[in-house]
Amino acid sequence: MPVLPGAEPYRHEGGEVGVLLCHGFTGSPQSMRPWAEYLAERGLTVSVPLLPGHGTRWQDMQLTTWHDWYAEVDRALRELTARCSTVFVFGLSMGGALTLRLAAKHGDAVRGIVLVNPGNKVHGLAAHALPVVRHLVPTTRGVANDIAKEGATEVGYTRVPLHAAHSLRQFFRLVDGELPQVTQPLLLLHSPQDHVVPPADSARVLSRVSSTDVREVLLEQSYHVATLDHDAERIFAESLAFVERLAPGLVGGKGSRSGG
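Residues numbered from 1 in each chain as written. Predicted model: local features only at pLDDT ≥ 70, side-chain atom pairs only at ≥ 80, totals over all residues. Heavy atoms only, no water.

(A) Representation of the pairing of strand β5 (residues 112-116) within the structure. With five of five residues buried, β5 lies mostly within the body of the structure. Covered by surrounding structure in β5 are G112, V114 and V116 together with I113 and L115, the residues of both alternating faces. Bridging between strand β4 (residues 86-92) and β5 involves five bridges; their strand directions are parallel. Looking at the pairing, L92 lines up with V116 of β5. Once the chain exits β4 it traverses helix α4 (residues 94-106) before rejoining the sheet at β5, and the crossover so formed is right-handed. (Buried < 20%, exposed > 50% of the residue type's maximum accessible area, 1.4 Å probe, protein only. Helix = DSSP H or I, 4+ residues; strand = E, 2+ residues; numbered from the N terminus. Pairing = 2+ DSSP bridges. Right-handed = clockwise from strand over helix to strand, strands pointing away.)

(B) Examining unusual backbone geometry more closely. Phi is positive for T26, close to 65 degrees, though the residue is something other than glycine. Of note, T26 is situated in the loop between β2 (17-22) and α1 (33-41). Take T26: its relative accessible area is 0%, and that puts it in the buried class. Despite not being glycine, N145 has its phi angle at roughly 75 degrees, a positive value. Overall, N145 belongs to the partly exposed group, its relative accessible area being 37%.

(C) A look at the pattern of salt bridges. Per the stated rule, a full pass over the model turns up 16 salt bridges. K105 is paired through a salt bridge with E178; the nearest N and O atoms lie 3.6 Å apart. Placement of K105 in helix α4 and of E178 in helix α6 (residues 162-178) is noted, with a sequence separation of 73 residues between them. For K105, a relative accessible area of 45% translates into the label partly exposed. With a shortest N-O distance of 2.7 Å, R204 and D176 are connected by a salt bridge. Separated by 28 residues along the polypeptide, R204 in helix α7 (residues 199-208) and D176 in helix α6 bring together distant segments of the chain. Judged by its relative accessible area of 13%, D176 is buried. Among the charged side chains, a network of salt bridges with common partners joins R11, E13, E72, R75, E79 and R83. (Salt bridge = Lys/Arg side-chain N within 4 Å of Asp/Glu carboxyl O.)

(D) Layout of the side chain of H23. Within the secondary structure layout, H23 lies in the loop between β2 and α1. The exposure class assigned to H23 is buried, which follows from its relative accessible area of 0%. At 3.1 Å, the side chain of H23 and the backbone nitrogen of L51 are in polar contact. (Polar contact = N/O pair within 3.5 Å; in protein donor to acceptor, adjacent residues only side chain to side chain.)

Here's what the structure looks like:
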């Protein structure tokens, strides 16, 4: 299947500092593209992979599980660590959970992590019915495009495939158990008005990680997809300052080559 316009993976060859950006469940690299380009313009090496089953049609995602999504970001991280001396991982929503697992598993290979509205749990009574309902009903209403900013649009699916949602629930449980293994510096930005992931998920992450260098930022003007919302520029600037603090002297100047 052809990739939806704007949902293509993104890569920029810059300097010695690399950043891996992980998009969310049923979303695509499009939600991370402005953030990625902001970092690329400031000389960083940037990678935004397209997760398997995403960016085409929901039927493709129905055939994938968290194992596929995690394997892709793990591969991308290994590529970056082979190329760069210092690597950071940033994630939005489910991408935040992927980021946390990469941090737990890769240890010192990840210098720091930035999370935006990270998911930690599939909420509601319907979540408990997923193991059965997914065999009876293929999809439910989509979660994409929760954005306050008028005119801003997320390229994502209008339906949630329930086999994939069941796998997501399993993945969240796994990552929750691994949170104490996360020790890296952490910048967590979240929206009080989020119609997809409640603030309780961010609070849970902050209460369970072992990181001692932690900063929490509230995104008062944005909904779930804050990377495309009113607070986007703040996210970009805060994340760059985070990288510059942890990798002093390594950030700056223009990257040499860019590619989408």
